[in-house]
Amino acid sequence: MANNEDLFKKIIAHAKEYGFVFQSSEIYDGLSAVYDYGQYGVELKNNIKDYWWKSMVQYHENILGIDSAIFMHPTIWKASGHVDAFNDPMIDNKDSRKRYRADVLVEDHIAKIEAKIQKEVTKAAKRFGDSFDKEQFLTTNQRVLDNKERINTISKRFYSSLDKDDLEDIKLLIEELGIVCPVSGSKNWTEVRQFNLMFATKIGSVSDDSNEIYLRPETAQGIFVNYLNVQKSGRMKIPFGIAQIGKAFRNEIVARQFIFRMREFEQMEMQFFVKPGEELKWFEYWKDKRLNWHTAMGIPADKYRFHDHERLAHYANAASDIEFDFPIGFKELEGIHSRTDFDLKAHQEYSGRKIQYFDPEINESYVPYVVETSIGLDRTFLAVLSHSYNEETLEDGSVRAVMNIPPFLAPIKAAVLPLTKKDGLPEKAREIMEVLKYDYMCQYDEKDAIGKRYRRQDAIGTPYCITIDHQTLDDNTVTIRERDSMKQDRIAIDQISEVIRNRLKIA
Ligand code: GAP
């Protein structure tokens, strides 16, 4: 398989060629960091949503789903802190006129020093062979220690300046580190400025500032402001959760990573309301549950890791990301955050409404604490795509591009293929299609040689191909070909639906 950068390019090209993901507005040269999902992409996306919704809402009696509006009262974003603090520090290069996130420039610089450490380790491992002790090397080698110290000093200074909003020092740091613009190669930087990531628009016909509203940058606030509605109408007792799937919008500065970082994307979020003091227990519970959700898809566990936050947002008392090993490296896929009572208290204060829970067990009212699980649907899609895309060299030397998508998520579950276009085979195949399509997303295809049709289905990840041949007309049996092993079995027509159902079970 190609190196990771090539692999990422291949996945993007494959996603376009086979109708998974298209650049938005492509015939107008595209809109940066905005994407459309094609005919197979939308099916895969819907299947991921369905898997999340079932495991969060349907399988938990104490989690209810909602679907709140994208437009919300502008004061909500004041209360949540997004108006004042949902910023990225940005810097422009005067020669290339390209804009960068200052934190990303510094983090990329740190990553280069980390790569140097890794290089030393690889060199030493080669030199010492079996007797190499990595732990000892990392704690004693002077060059490694110096580089670690450099990373520490840079991180400490950067985050301390960021916390103090000392943008001048961030610029100074970028200059001192000799960071150059990857496009122009120059150090000709502007000042660092804070850039709010929310998209604003006007509501109503009068265009003045008082009509300004935002496209929501997260779905979570729609849940917080409906806490009382759901708790009361659903007669919910704490602990309970509210879940929703929906669009979110962020005017991202760094936007060149396909669907990893988009300006319009979808989140699947769940806020779990708990008794104060019990939040860290539930935080651990949801960390565990959510990791299981990922690995139960059938993607190997070593593709995932936790990244516990050392620097916490002002509203959190614990936070951890589930990172996935994307072709662009291990990156955040989902966040699990213990958000204390920050959001509900803020909405209580800004709205003037009492947002509390009367706990009959202790005869007291309190503002519940919240543990949230927040996952990007598009990033999950990219994780599934990255895991699934494979190029296999077959015995005859040819290469097959196959998407080993977990069968229960596959866009098309079965392809119905008459071996030839004559002798009554298409009619028989149509009969089978007419029955199967009410159970699964199926595709009928009679064009080209059967081998070519199998490859087309492999490329979109169809787990089963049903082939109707002359024997079918005699004994009502078909062959069922399994995508990954390419093994073919002969089964009776009336068994097809059940055989597929059995193979679509979640790991
Ligand atoms: N309510 C908490 C929240 O929004 P977040 O870490 O900002 O937390 C949660 O976002 C998840 O949403 C991320 O883990 C990521 O999967 C996804 N996400 C965030 N920004 C995104 C973007 N620009 N494009 C695609 N997905 C994004």
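Residues numbered from 1 in each chain as written. Predicted model: local features only at pLDDT ≥ 70, side-chain atom pairs only at ≥ 80, totals over all residues. Heavy atoms only, no water.

With that settled, consider the site of the ligand. Around the ligand sit 20 residues, and of these Glu 218, Glu 252, Met 262, Glu 269 and Glu 332 come closest. Residue Gln 267 places a side-chain N or O atom 3.0 Å away from an oxygen atom belonging to the ligand. Within the contact set of the ligand, an oxygen atom lies 2.6 Å away from a side-chain nitrogen or oxygen of Glu 332. Calculation on the ligand without its partners gives an accessible area of 550 Å², and the protein chains cover 92% of this total. Broken down by secondary-structure element, the contributors of at least two residues to the shell around the ligand are β10 (264-274), β13 (329-340) and β16 (369-376). In terms of residue count, the dominant contributor to the shell around the ligand is β13 (six residues). Taken together, the residues of the shell around the ligand sort by class into five nonpolar, five polar and ten charged. (Near = heavy atom within 4 Å. Polar contact = N/O pair within 3.5 Å; in protein donor to acceptor, adjacent residues only side chain to side chain. Areas by Shrake-Rupley, 256 points an atom, 1.4 Å probe, with all protein chains shown as cover. Helix = DSSP H or I, 4+ residues; strand = E, 2+ residues; numbered from the N terminus. Nonpolar A, V, L, I, M, F, W, Y, C, P; charged D, E, K, R; others polar.)

Below, the discussion takes up the packing of aromatic side chains. Summed over all chains, the structure comprises 24 aromatic pairs. Here the aromatic rings of Phe 8 and Phe 258 are separated by 6.3 Å at their centres, their planes lie at 80 degrees, and the arrangement is edge-to-face. Highlighted residues: Phe 8 in helix α1 (residues 4-17) and Phe 258 in the loop between β9 (240-249) and β10, separated in sequence by 250 residues. Assigned by exposure class, Phe 8 and Phe 258 land together as buried. Considering the side-chain rings of Trp 282 and Tyr 285, the 5.1 Å spacing of their centres and the 80 degrees angle between planes classify their relative orientation as edge-to-face. Residue Trp 282 and its partner Tyr 285 are located together in helix α11 (residues 279-295), separated by three residues, close to a single helical turn. Judged by relative accessible area, which is 16%, Trp 282 ranks as buried. Here the aromatic residues Phe 224, Tyr 227, Phe 240 and Phe 273 are joined through ring pairs into a cluster of three or more. When the ring centre of Phe 306 is taken as origin, the NZ or CZ atom of Lys 287, which lies over that ring, is 4.7 Å away. A cation sits over an aromatic face here: Arg 339 above Tyr 315, 4.5 Å from the ring centre. (Phe/Tyr/Trp six-rings, centres within 6.5 Å; stacked < 30°, edge-to-face > 60°. Buried < 20%, exposed > 50% of the residue type's maximum accessible area, 1.4 Å probe, protein only. Lys NZ or Arg CZ within 6 Å of the ring centre and 35° of its normal.)

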